[in-house]
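So you can see what is in the structure, the chains are spelled out below.
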Amino acid sequence: MDAFFEPIAGATGATVDQIKLIFCLLFSYPLGSLYIRIPTSHPELKHIFSIAVTFFYLGPILGLWGGAVQLLGDIVGTYYIAQRVQTKSMPWLVFAFTMGHLTISHIIRTFAEAGYETIEISGPQMVLTMKLTTFAWNILDGRRPEEDLDAWQTQQRVADYPTLLEFLGYACYFPGFLVGPYLTYNDYQALITGSLYKSAEEKEEQAVNEAHHLSQRLVPHGRKRVAFKKMFIGLIFLGLYVLFWPEFNFSLTIEDAFESRRLISRIIFLQICGFFERTKYYAIWTLTEGASIQTGLGFTGYTEGGRTKWEGAKNVEIWKIEFAENNKVLLDSWNMKTNVWLRECVYKRVTPKGKKPGFKSSLATFATSAFWHGIAPGYYLSFFFFAFVQTAGRLARTYLRPLVLPANYVGGRGAPPPPQTRKKQLYDYLGILTTVMLTNYGTLPFMLLTIDDSFVAWNNVMWYGHFFIGGALVFFYMGGSVVLHHAQAVRVKQAVYQMEREEINKTVQVRSVPSTPSRAPTLPPVDQVAQELEKELGNLGGASGHGGGKNKKKKQAATKEE
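Criteria and cut-off values
Residues numbered from 1 in each chain as written. Predicted model: local features only at pLDDT ≥ 70, side-chain atom pairs only at ≥ 80, totals over all residues. Heavy atoms only, no water. Helix = DSSP H or I, 4+ residues; strand = E, 2+ residues; numbered from the N terminus. Contact = heavy atoms within 4.5 Å. pLDDT = per-residue confidence, 0-100. Phe/Tyr/Trp six-rings, centres within 6.5 Å; stacked < 30°, edge-to-face > 60°. Lys NZ or Arg CZ within 6 Å of the ring centre and 35° of its normal. UniProt positions renumbered as here; feature names shortened; annotations may be inferred. Axes fitted to C-alpha atoms, helices over the stretch in contact; angles between N-to-C directions. Left-handed = near helix turned anticlockwise from the far one by under 90°. Nonpolar A, V, L, I, M, F, W, Y, C, P; charged D, E, K, R; others polar. Core = buried A, V, L, I, M, F, W, Y, C linked by side-chain atoms within 4.5 Å. Buried < 20%, exposed > 50% of the residue type's maximum accessible area, 1.4 Å probe, protein only. Domains from an automatic or database assignment. Salt bridge = Lys/Arg side-chain N within 4 Å of Asp/Glu carboxyl O. Expected span 1.5 Å × (residues − 1). Bend = angle between axes of the 7 residues up to and from the residue. Pairing = 2+ DSSP bridges.

Engineer: Sorry, what's going on with the environment of Gly-301 here?
Structural biologist: Tracing the backbone shows Gly-301 in strand 1 (residues 299-302). With 105 residues separating them in the primary sequence, Gly-301 and Leu-196 have C-alpha atoms 9.8 Å apart. Not counting residues within four places of it along the chain, the set of residues in contact with Gly-301 comprises Arg-307, Thr-308 and Lys-309.

Written out as structure tokens, the structure reads:
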């Protein structure tokens, strides 16, 4: 079928493989309209439909006949391992089986020197690996007592083992098979049976009854509107990529013409390249999200205005990435489904029961993410760099951020957002600028892949990311954190003192009003905010913390005397 795609590739400047992938993503939209019309009373037809479409994409369209057989082997192998191995090691056997095969595919891709523009089996295999390992853990959770599970594990546990057809339908769910997003088995079953829309039944039934035409398939309204909006957004980013990526991409940063520019021009050019490198990911993930919604996946309820929400298939938050105030917000908004997989199937699972995740859990998650992406050294350079970026960001949030917030602000879960003072706004703007610059700098090796090209590119922008992060870590670990910690302790003390003075003044004013009190007036207790601040002050380390305890005892004695 290459003859059909070659003229389009020639006209757009893209490769034939890239045109084939976009065709599959767009063709999934009309197929999704057919898929959702298959009645829920015949789930076997939905399974067969997905399987047929997926292998049509892999074989006749993409020409990955051998790869299709390999993926089928992964699916069937996982099905029987999870069914027959009854021990707690079952998910780890599935993990070794699928990740081992994926690593072999990555090795073959690396030695074949296949670039990002080449479509081969490792891409769909990465998505399938997440599905199969998640399924294995869901099966194990279904065999464990519910009281031993957390909320996510309880929600996703699979107690009844599926038939082979059901499992093949899940593994081959066509809109997300090639590039994601992946979904859990229970999410797939909720889509197949229609239970995904149970929360919408009463609202939708009332609407259709009032219109006097009760529909046989109860799918919340607004699905097409959201799906085609996603398709429109995806096509916009695809157009940006086609038009501007040839002139603004990371491979240009290792050329002599780039090195001849002034340093400030090189740094600015790098930021522009970073955006256009991300547009291809925005395009394919948004297109596949819309195709998933077209099949009915992703319904998450209603907005306050009564419109339906379809956020369950989302894999990227574009606005939050481009304007992330810190690295954590950016990572949480990028490849979101993969983050869930790493958290639920690696980070939590390697942590011994009764203990909190620590360094070993983080290291195992880091290694899994790196091997999942591939064996190219550029991946590891990027991950290693971003590990230090996260450390520096955490230190800045702990010691620097409190200084731009009101001293009497008490954060924590459930706390209201901090007031947007001028200092806080400036801090956020600087955070956005820093995050974007570090992201574009750190992803250079991820896209260039080789060590030599990565070092050349970093050298051409004067290693600014390393100097920035290295300088920040030296500052915090060489005494800066102590200085900032002390400065915040002084601000908290002053805030507590000021609040106590205000309480005393109120008491004096009350006493000055002629009255016949029923009992002797006493000093009102310090309000809850001040108590929380004093508690934080008491937890501060160093000599100031011990002194705070003595002062607290003196205050209690003074209160008793009054």
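Engineer: Quick question: what am I supposed to make of the confidence of the model for the protein here?
Structural biologist: Reading fine detail from the predicted coordinates is not recommended where pLDDT is low. For the protein, the mean per-residue pLDDT works out to 85, and 86% of the residues sit at or above 70. Within the protein, helix 8 (residues 164-171) carries the highest mean pLDDT (97), whereas helix 24 (residues 543-561) carries the lowest (45). Note that residues 515-531 has pLDDT below 50 and, in this model, 17 contacts with residues that lie over four places away or in other chains. Contacts for the low-pLDDT stretch residues 540-562, under 50 throughout, to residues beyond four places or in other chains number 9 contacts.

Engineer: Please clarify how the packing of aromatic side chains should be interpreted in this entry.
Structural biologist: Given two aromatic rings, their pairing is described by the distance between the two centres and the angle made by the two planes. Taken as a whole and assessed by the stated rule, the structure comprises 55 aromatic pairs. Considering the side-chain rings of Tyr-79 and Tyr-80, the 5.2 Å spacing of their centres and the 90° angle between planes classify their relative orientation as edge-to-face. Aromatic side chains Tyr-241 and Trp-245 sit 5.4 Å apart centroid to centroid with 35° between the ring planes, which places their arrangement in the tilted category. Three or more aromatic residues link up through ring pairs in this structure, and these residues are Tyr-35, Phe-49, Tyr-79, Tyr-80, Phe-135, Tyr-161, Phe-167, Tyr-170, Tyr-173, Phe-174, Tyr-185 and Tyr-188. The residue whose ring lies beneath Arg-261 is Phe-269, and the NZ or CZ to ring-centre distance is 4.5 Å.

Engineer: Even after reading the chapter, I still don't get the UniProt feature "transmembrane region" (unreviewed entry) in the protein, so can you show me in this structure?
Structural biologist: The UniProt record marks residues 19-36, 48-72, 92-112, 227-245, 370-389, 429-451 and 463-484 with the feature "transmembrane region" (unreviewed entry), using the residue numbering of this structure. Along residues 48-72 one finds 88% helix and 0% strand; the C-alpha atoms at either end are 14 Å apart.

Engineer: Got a minute to help me understand the packing of helix 6 (residues 122-143) against helix 16 (residues 336-347) in this structure?
Structural biologist: When two helices pack together, you describe them by how their axes are tilted relative to each other and by the distance separating the axes. At their nearest, the axes of helix 6 and helix 16 sit 11 Å apart, and the two run at 35° to each other. Between helix 6 and helix 16 lies a crossing whose hand is left-handed. Two secondary-structure elements touch here, helix 6 through Met-130, Thr-133, Thr-134 and Trp-137 and helix 16 through Thr-338, Trp-341 and Cys-345. In terms of residue class, the contact of helix 6 with helix 16 is made up of 4 nonpolar, 3 polar and no charged.

Engineer: What should I look at first to understand the nonpolar core in this one?
Structural biologist: A general trend in soluble globular proteins is that nonpolar side chains are found buried together. Counting residues in each nonpolar core, the largest one holds 121 residues, and the members touching the most others are Tyr-35 and Leu-178. At 12 residues, helix 13 (residues 263-294) tops the list of elements feeding residues into this core. The residue makeup of this core includes at least three contributed by each of domain 1 (1-193) and domain 2 (353-411 + 418-506). Once residues within four sequence positions are removed from consideration, Tyr-35 is found in contact with Lys-46, Phe-49, Ser-50, Tyr-173, Phe-174, Tyr-188, Leu-191, Ile-192 and Thr-295.

Engineer: What is the right way to read the pattern of salt bridges from this model?
Structural biologist: Opposite charge on two side chains makes pairing possible when the charged atoms of those side chains draw close. Taken as a whole and assessed by the stated rule, the structure comprises 15 salt bridges. With a shortest N-O distance of 2.5 Å, Lys-20 and Asp-2 are connected by a salt bridge. Of this pair, Lys-20 sits in helix 2 (residues 16-35) while Asp-2 is found in helix 1 (residues 2-12), placing the two residues 18 residues apart along the sequence. According to the relative accessible area criterion, Lys-20 is buried, its value standing at 5%. Given a relative accessible area of 35%, Asp-2 falls into the partly exposed group. Here Lys-348 and Glu-344 are joined by a salt bridge, their closest N and O atoms 3.1 Å apart. Accessibility expressed as a relative area gives 30% for Lys-348, which makes it partly exposed. A relative accessible area of 2% places Glu-344 in the buried class.

Engineer: Could you clarify how one ought to interpret helix 2 in this entry?
Structural biologist: Since there are 3.6 residues in each turn of an α-helix, residues three or four apart along the chain are aligned in direction. Compared with an ideal rise of 1.5 Å per residue, which puts 20 residues at 28 Å, helix 2 spans 28 Å between its outermost C-alpha atoms and is within 8% of the ideal. Residue Tyr-29 marks the point of greatest curvature in helix 2, where the axis turns by about 35°; the proline Pro-30 follows within four residues. Within helix 2 the residues assigned to the buried category are Ile-19, Lys-20, Leu-21, Ile-22, Cys-24, Leu-25, Ser-28, Tyr-29, Leu-31, Gly-32, Ser-33 and Tyr-35. Among the structural elements, helix 1, helix 3 (43-61), helix 9 (185-193), helix 11 (223-244) and helix 13 are those in contact with the buried residues of helix 2.

Engineer: Would you mind going over the pairing of strand 1 with me for this structure?
Structural biologist: Consecutive side chains along a regular strand alternate between the two faces of the sheet. Where strand 1 meets strand 2 (residues 308-310), 3 bridges bridge the pair, whose relative direction is antiparallel. Bridge pairing links Tyr-302 to Thr-308 in strand 2. The hairpin turn running from strand 1 into strand 2, its antiparallel successor, is 5 residues long, and Gly-306 in that turn takes a positive phi close to 95°.

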